[in-house]
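This is what each chain is made of:
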Amino acid sequence: MKEMSISKKELIRRIAQRNGQDTKVIETILDDTLEEIYQSLKAGESVNLRNFGTFYIKVYPTSAKFKFNPSQRLRKLFNWSSSYKGDI
């Protein structure tokens, strides 16, 4: 399977095109969203994005780890065990 990725700039361009918005507006929204996720995790809060997944920090006695629990929709997309019945 070929590894593919898109840059932040490309992601912003795609979102702006989808929504008919200026890329600067989308860049600000994306930056603010990522900063809010970061600050929430730093404060010990989990962040749940419906149909995407949950970001959280798992604290162990001697360390802490960043975790991501994908939504059922993502699990279905990658043929992981899923009860998701909607469109992917």
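Scroll up to find the structure this text is about.
A quick note: this is a predicted structure, and the numbers were derived from the prediction, not measured.

How would you explain unusual backbone geometry if you had to name every residue and give the values?
The phi dihedral of asparagine 51 falls on the positive side, at around 65°, and the residue is not glycine. Note that asparagine 51 resides in the loop between strand 1 (47-49) and strand 2 (53-59). Even without being a glycine, asparagine 79 presents a positive backbone phi close to 60°. Within the fold, asparagine 79 resides in the segment after helix 3 (72-77).

Outline the sheet that holds strand 3 (residues 64-70), listing residues and values.
Read from one edge to the other, the open sheet built from three strands follows the order 1-2-3, with strand pairing classed as antiparallel. Edge positions in the sheet fall to strand 1 and strand 3, since each of these pairs with one other strand and no more. Direction aside, the axes of adjacent strands within the sheet are offset by 20° on average. Relative to strand 2, strand 1 runs antiparallel, the two being bridged by three bridges. Paired with leucine 49 across the bridge in strand 2 is glycine 53. Sheet strands in contact with helix 2 (residues 23-42) are strand 1, strand 2 and strand 3, and its direction is about 35° off that of strand 2.

I'd like to hear about the pattern of salt bridges, residue by residue, with values.
Note on pairing: side chains with opposite charge can pair once their charged atoms come close. Following the criterion strictly, the structure yields four salt bridges and no others. The residue lysine 8 makes a salt bridge to aspartate 31 at a minimum N-O spacing of 2.4 Å. You can see lysine 8 sitting in helix 1 (residues 8-19) and its partner aspartate 31 sitting in helix 2, a full 23 residues away along the chain. Taking the shortest distance from any N to any O, the salt bridge between glutamate 10 and arginine 14 comes out at 2.9 Å. Here glutamate 10 and its partner arginine 14 are both found in helix 1, four residues apart, which amounts to about one turn of the helix. A network of salt bridges, in which partner residues are shared, links Glu10, Arg13 and Arg14.

Quick one: what's the story with the environment of asparagine 19, residue by residue and with numbers?
Secondary-structure assignment places asparagine 19 in helix 1. On the basis of relative accessible area, asparagine 19 is assigned to the partly exposed category, the value being 47%. Looking at asparagine 19, its side chain comes within polar contact range of the main-chain oxygen of isoleucine 15, at 3.0 Å.

Before we move on, can you summarise the packing of helix 1 against helix 2 with the specific residues and values?
At a closest axis distance of 9 Å, the pairing of helix 1 and helix 2 adopts a crossing angle of 115°. The crossing of helix 1 and helix 2 is right-handed. Of the residues in helix 2, those touching helix 1 at Lys8, Leu11, Ile12, Arg13, Ile15 and Ala16 are Thr23, Ile26, Glu27, Leu30 and Asp31. Of the residues assigned to the contact of helix 1 with helix 2, the class counts are six nonpolar, one polar and four charged.

Conventions used here
All chains use their own residue numbering, which begins from 1 and follows the written sequence. Totals for whole chains, interfaces and linings use all residues, but because this is a predicted model, local features are given only for residues with pLDDT of at least 70 and pairs of side-chain atoms are given and counted only at 80 or more. Side-chain figures throughout are based on the complete set of non-hydrogen atoms in the structure, without hydrogens or water. Runs of H or I in DSSP of at least four residues are treated as helices and runs of E of at least two as strands, each being numbered from the N terminus. At least two bridges found by DSSP between two strands is the condition for calling them paired. Simply put, an axis is a line fit to the C-alpha atoms, just over the touching stretch for a helix, and the angle between two N-to-C directions goes from 0 to 180 degrees. Only heavy atoms matter for contacts: two residues are in contact if any of them lie within 4.5 Å across the pair. Put simply, a salt bridge is a Lys or Arg side-chain nitrogen that is within 4 Å of an Asp or Glu carboxyl oxygen. Each residue is placed in one exposure class: buried if its accessible area under a 1.4 Å probe, protein chains only, is under 20% of its type's maximum, exposed if it is over 50%, and partly exposed if it falls in between. In the analysis that follows, any N or O atom pair within 3.5 Å is treated as a polar contact, provided that within protein one partner can donate a hydrogen and the other can accept it, and provided that, for residues neighboring in sequence, both atoms belong to side chains. Left-handed describes a crossing in which the near helix is turned anticlockwise from the far one by less than a right angle; the clockwise case is right-handed. Think of it as three bins: nonpolar holds Ala, Val, Leu, Ile, Met, Phe, Trp, Tyr, Cys and Pro, charged holds Asp, Glu, Lys and Arg, and polar takes everything else, Gly as well.

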